[in-house]
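Structure assessment
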Amino acid sequence: MENHQISGAEGLLKSLVCEGVDTIFGYPGGAIITVYDKLYDYTDKLRHILVRHEQGAIHAAQGYARTTGRPGVVIVTSGPGAANVVTGLADALMDSTPIVVISGQVASNFLGTDAFQETDVVAMTQQVTKWAIQIRRPEDIPSAVARAFYIASTGRPGPVVLDIAKDAQVGMMDWSHERCRAIRSYNPRPDIDPADIEEVAEMLASAKKPMIIAGHGVMIANAEKSMIELAEKANIPVATTLLGLSTIPSDHPLNKGMVGMHGNLGPNAATLEADVIIGVGLRFDDRVVGDFNTYGPNARIVHVDIESAELNRNIKTYKSIHADADDFFKALLPKVNGSTQNNWGDSFDKRDLIEDEKVISKVLRPEGGPLHMGEVIRAVADAVPDNAVCVTDVGQNQMFAARYFRYHSDKSFLSSGGLGTMGFGLPAAMGAKIGTPERTVCLFVGDGGLQMTIQELGTIMAYNVGVKIILLNNDYLGNVRQWQELFFDSRFSQTPLFNPDFNAIASAYGIRSGKVTRREDLQAAIADMLADDNAYLLNVAIGYNEMVFPMIAAGTSFESIMLSKDENYYPLK
């Protein structure tokens, strides 16, 4: 404990240090300049990354948080500075990412006067945060910081906002900081009812076709090891959601692939046959289940989630368990009979062969024609170290990366899931590399998404962030174009893009780059990219009319899965 008079601005920085913060992403301005002035004296304790736009700051903080497991920290000024992080707050809330945003605010006596750069930050952000508070007195800063980090990182993680008025920053106080350990009426890690575990164990003992669906919550809870141990002991196949990718290695024999709109045939079809589905750390959202009314028709569905509000929200479950994912798996493990048998037979293998014949072979083993996104992603995956991190933007690049990258280590897939934020990829990859500099970080991004936050190339240049940017360039908003071709009579309204010379832009930022237009040049270009320890942009020309398959049309049953524009697969036939 320390006790001496310091300013609120310095007290804020000292409290951040006490909370274990080492990196801040931010952008200065008038209402936060006092904090930035004190930051000048804390460069030995706090590394500040000056982004080129506040949205870049919060997405970078998300990338940092999701690869390190520690809250990402953002500092911005009032008004437009705070408003520019709202998209990232919504993204972090939906994807359960711990973020602490500190915004400057006009002085208390100016509140409500429409002062220069005044916005009601608390009102603006309450719907997209776990907690938002305005601080008007310097002595309230340490406890608010402690509470913010506790709320952001416990239970279902999420973003919080501390809006600090200017007089709180300049005012003096007797500083002391004590980390928050509990909040009355807030129970972030509920106890599991042993009777629930017994019931699930009995269900598995009698199940003929059980399956586990692992969501992002498994990763957040660091439950990958306990989940795999349970699956191996009971011989239960595992599927993952998009954000659950990398919770189980791609080559694990029990990993049956990804479920959902662009998921694999095997696990999607299996949901129609399963008699027990254990969904852990997922929301059972529309992109995972399709038609809510026909999902898992033969299954007793067990839903495990740390957020009680998600239970029975989208899918009516047989059993809902409010619990941490790791606690659940560890409690269930000793109750499961190691000789548990299931009756899946070779159904997964048969569907894998169908998917390979109808879809995968055309992507990975093409007979001429333009490069496919999937073959580029697989070629990169085969060339990078096993602990590489795959970051995606949103769109076809995201779905192809989910399907064709290979995951060997946990926390290896990073994308915007719930909100689907284009422009997420570049700053998130930057934050991931800053947080885990020892890992190779590969960003797969489309030409549309890259241009939404392309200014962060300036941050990458300034801090020499060695992220590998693989631009899958098809001169289209590809995902929207796919929907237009499939469902809107090929009326390509506002999806063709007239693009700049991306390699020239990279060069202007001092970033090396390469360009690939021919299949025979791909391997050498990837090798050149990976041989460079610095940032690198690989601009790969992709066929403009490529589409992601399999596909389950939005809101439809899994009883029909599109294998191409003209061919469907019917799992129950």
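Throughout what follows, the structure given in this document is the object of discussion. (Residues numbered from 1 in each chain as written. Predicted model: local features only at pLDDT ≥ 70, side-chain atom pairs only at ≥ 80, totals over all residues. Heavy atoms only, no water.)

**A word on the overall build of the chain**
- Of the regular secondary structure elements, the chain holds 23 helices and 22 strands.
- The C-alpha atoms of the chain give a radius of gyration of 24 Å, which matches the 25 Å a tight globule of 573 residues would have.
- Its C-alpha atoms give the chain principal-axis dimensions of roughly 75 × 60 × 40 Å.
- By the burial criterion, 61% of the 573 residues in the chain qualify as buried.
- Counting contacts in the chain only where the partners sit at least 6 residues apart, residues at least 24 apart contribute 75% of the total. (Helix = DSSP H or I, 4+ residues; strand = E, 2+ residues; numbered from the N terminus. Rg over C-alpha atoms; globule rule 2.2 N^0.38 Å. Buried < 20%, exposed > 50% of the residue type's maximum accessible area, 1.4 Å probe, protein only. Contact = heavy atoms within 4.5 Å.)

**Regarding the sheet that holds strand β16 (residues 413–414)**
- Across the sheet, six strands lie side by side as β16-β15-β17-β18-β20-β19; this open sheet has parallel pairing. With one partner strand each, in any of the chains shown, β16 and β19 (512–516) form the two edges of the open sheet.
- Bridging between strand β15 (residues 389–392) and β16 involves two bridges; their strand directions are parallel. By the bridge assignment for β16, C390 is matched with F413.
- Strands β15, β16, β17 (441–446) and β18 (468–473) of the sheet are contacted by helix α18 (residues 425–435), whose axis makes an angle of about 175 degrees with β17. (Pairing = 2+ DSSP bridges. Axes fitted to C-alpha atoms, helices over the stretch in contact; angles between N-to-C directions.)

**Looking at the pattern of salt bridges**
- Throughout the structure, instances matching the rule amount to 28 salt bridges.
- E199 is paired through a salt bridge with K319; the nearest N and O atoms lie 3.1 Å apart. A residue pair is termed long-range when its members are at least 10 positions apart, and E199 in helix α9 (residues 194–206) and K319 in strand β14 (residues 319–322) qualify at 120 residues.
- Exposure remark for E199: the relative accessible area of 25% places this residue in the partly exposed category.
- Residue R313 is joined to E310 by a salt bridge in which the shortest nitrogen-to-oxygen separation is 3.0 Å.
- Looking at R313, the relative accessible area reads 56%, which means it is exposed. (Salt bridge = Lys/Arg side-chain N within 4 Å of Asp/Glu carboxyl O.)

**Some thoughts on the pairing of strand β13 (residues 300–305)**
- Within β13, five of the six residues are buried, which leaves it mostly tucked inside the rest of the structure.
- One ladder, built from five bridges, connects strand β12 (residues 276–280) with β13; its direction is parallel. Counterpart to G279 in the pairing with β13 is H303.

**Points about the sheet that holds β13**
- Pairing is parallel across the open sheet formed by six strands, whose spatial order is β11-β10-β9-β12-β13-β14. On the outer flanks of this sheet lie β11 (255–258) and β14, each paired with one strand and no other. Strand-to-strand, the axes of this sheet are offset by a mean angle of 20 degrees, without reference to chain direction.
- Bridging between β13 and β14 involves four bridges; their strand directions are parallel. Within β14, the position partnered with V304 by the bridge is I321.
- Across the sheet, helix α11 (residues 224–234) is in contact with β9 (210–214) and β10 (238–240); its angle to β9 comes to roughly 170 degrees.

**Description of unusual backbone geometry**
- In this chain, F549 is followed by P550 through a cis amide linkage whose omega measures 0 degrees.
- Of note, P550 is situated in the loop between β20 (536–541) and β21 (561–562).
- The backbone of N235 shows a phi angle near 55 degrees, a positive value even though the residue is not glycine.
- Tracing the backbone through its elements, the reader meets N235 in the loop between α11 and β10.
- We classify N235 as partly exposed; its relative accessible area is 35%.
- In this model, Q494 sits at a positive phi of 60 degrees, which is unusual for a non-glycine residue.
- Among the secondary structure elements, Q494 is positioned in the loop between α21 (478–487) and α22 (502–508).

**Quick look at the layout of surface pockets**
- Approximately 520 Å³ is the volume attributed to the second largest pocket.
- Looking at the second largest pocket, it is lined by 26 residues, and the ones nearest its centre are S250, N255, G257, N264 and R406.
- Only β11, α15 (347–364) and α17 (396–404) provide two or more residues apiece to the lining of the second largest pocket.
- The residue makeup of the lining of the second largest pocket, split by class, is 10 nonpolar, seven polar and nine charged. (1 Å grid on protein atoms, 1.4 Å probe; cavity = no way out; pocket = protein on both sides within 12 Å on 5 of 7 lines; lining within 4 Å. Points joined across faces, edges and corners; volume = space filled by probe spheres on them. Nonpolar A, V, L, I, M, F, W, Y, C, P; charged D, E, K, R; others polar.)

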